[in-house]
Every structure is written in structure tokens, then in C-alpha cells.
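# Results of the structural survey
Chain by chain, the residues run as shown.
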Amino acid sequence: MKIKIELDSDLNENEIIIRCPALTEKIQMLQQVISDAVPEHPRMTFYKGDVQYFLNLEDILFFETEDKWINVHTAEDIFQTRQKLYELEELLPRYFLRISKSAILNTRKVYSIHKNIAASSVVEFVDSHKQVFVSRNYYKALIHQMELNHYQKER
């Protein structure tokens, strides 16, 4: 593999281009490693009543819909956001993953997954009593992301 750096003072932002003969699993993992290494949005604004809070994304366990709001769960607290889940999916780094029609979780905070073949599986988080359900349709994607996270930690 060749790695080349080109300096271009006309650019307004950094650009990374991966040229390859085919899109392989290794290339996809490389893309994910680069995306996760340089998060575009390390902090986001959330609300509790009329108060704004500026949270690090690493502190968020999961997002979950409730009525017209999206609840933002940390280990000890709950905040709200006015954004929709589909909007959050676009903004959040790849280690956040949709796990049902009503939830997105931080795969880096997952402690365990209690698989249930007949219904939704239960996800537990590191250093928290909180739980969220992953639907059967999203279970394989979650397991795949957890394996990628494990692979990246080993390197």
C-alpha cells in the first residue's frame, strides 16, 4: 500500500482520498478508522428544560425516542435534543449505530448483549444500570460493529 501526502494551500479543509481497485473489507475498515480518529463533532448541544448542556459524544450511551422528543442518555442523566434520529445518524461518528426504529447507541459503551432469538435483545452499558433494546433486524449490524471496535482496539 502506498501512502502519499500532497500539500495544497487552495484547500479550505483537509481531504483524504482512498484509491483502490476494489472496495474490500480492509478498505472499509481503513475508512472507518480514519473517520473515527478525527471526529467532526466531538461535542453536541442538548437540553434539560431551558438549560443548554454541551456534552462530549463519548459520554453518551444512547439516543431514544419518547413522544416528540429524543432522549439523550448518559450514565447518570437524561437530556433532550430537538433533532430527529435520522438527522443524528448523519451527524454522529460511525461508532454510533441505529439499533431499532427508536434508538441509536454508542457501540464503544456497550458492556453486554443478552440475545433473545424470539424478540428484541437487551444491551447493557459500561458503568451504568441503563439498558436499551436492539431489534432483531439490527442485531447483526450491531455485532459486526462490535467486532470492528474490538479489531481496532487490538491494533
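Keep in mind that what you see is a predicted model, and the values were worked out from it rather than measured.

Rules behind the numbers
Residues numbered from 1 in each chain as written. Predicted model: local features only at pLDDT ≥ 70, side-chain atom pairs only at ≥ 80, totals over all residues. Heavy atoms only, no water. Pairing = 2+ DSSP bridges. Helix = DSSP H or I, 4+ residues; strand = E, 2+ residues; numbered from the N terminus. Axes fitted to C-alpha atoms, helices over the stretch in contact; angles between N-to-C directions. Core = buried A, V, L, I, M, F, W, Y, C linked by side-chain atoms within 4.5 Å. Buried < 20%, exposed > 50% of the residue type's maximum accessible area, 1.4 Å probe, protein only. Contact = heavy atoms within 4.5 Å. 1 Å grid on protein atoms, 1.4 Å probe; cavity = no way out; pocket = protein on both sides within 12 Å on 5 of 7 lines; lining within 4 Å. Points joined across faces, edges and corners; volume = space filled by probe spheres on them. Nonpolar A, V, L, I, M, F, W, Y, C, P; charged D, E, K, R; others polar.

Judged by pairing direction, the sheet is antiparallel, and its three strands sit side by side in the order S8-S9-S10 without closing on themselves. Here the strands that pair on one side only, and so sit at the sheet edges, are strand S8 (110-114) and strand S10 (131-134). The sheet shows a mean angle of 30 degrees between the axes of neighbouring strands, direction not considered. Here four bridges tie strand S9 (residues 121-125) to S10, and the two strands are oriented antiparallel to one another. For Glu-124, the partnering residue across the bridge sits in S10 and is Gln-131.

Next up on the list: the environment of Arg-136. Position of Arg-136 among the secondary structure elements: in helix H3 (residues 136-154). Taking the C-alpha atoms as reference points, Arg-136 and Ala-118, separated by 18 residues in sequence, lie 8.4 Å from one another.

A word on the nonpolar core. With 15 residues, the main nonpolar core has Phe-46, Phe-63, Leu-88, Leu-92 and Phe-96 as its most contacted residues. Among the elements of the structure, strand S1 (43-48), strand S3 (60-66), strand S4 (69-74) and helix H2 (85-91) are those that each provide at least two residues to this core. Leave out the neighbours within four places in its chain, and Leu-92 touches Met-44, Leu-57, Phe-63 and Ile-104. Formed by 13 residues, the second largest nonpolar core is a distinct cluster that contains Leu-61, Ile-99, Tyr-139 and Leu-142.

Of all the five residues making up S9, four are buried; the element is thus mostly covered by neighbouring parts of the structure. Pairing analysis gives four bridges linking S8 to S9, with the strands arranged antiparallel. If you follow Val-110 over to S9, its bridge partner there is Phe-125. Hairpin connection, S8 to S9: the antiparallel pair is bridged by six residues. Counting the residues in the hairpin turn of S9 and S10 gives five residues, including Asp-127, whose phi is positive at 55 degrees.

Our focus in this paragraph is the environment of Ala-119. Residue position: Ala-119 is located in the loop between S8 and S9. Each C-alpha atom of the pair Ala-119 and Phe-133 lies 9.5 Å from the other, and the pair is 14 residues apart in sequence.

Taken as a whole, the largest pocket encloses approximately 890 Å³ of empty space. Each residue belonging to the lining of the largest pocket can be placed in one class, and the counts come to 12 nonpolar, two polar and seven charged.

A separate point is the side chain of Ser-100. If you trace the backbone, Ser-100 turns up in strand S6 (residues 96-100). Given the relative accessible area of 9%, Ser-100 is considered buried. The residues touching Ser-100, leaving out its near neighbours within four places in the chain, are Phe-133, Ser-135 and Tyr-138.

Function-wise, these values are silent; they only describe arrangement.
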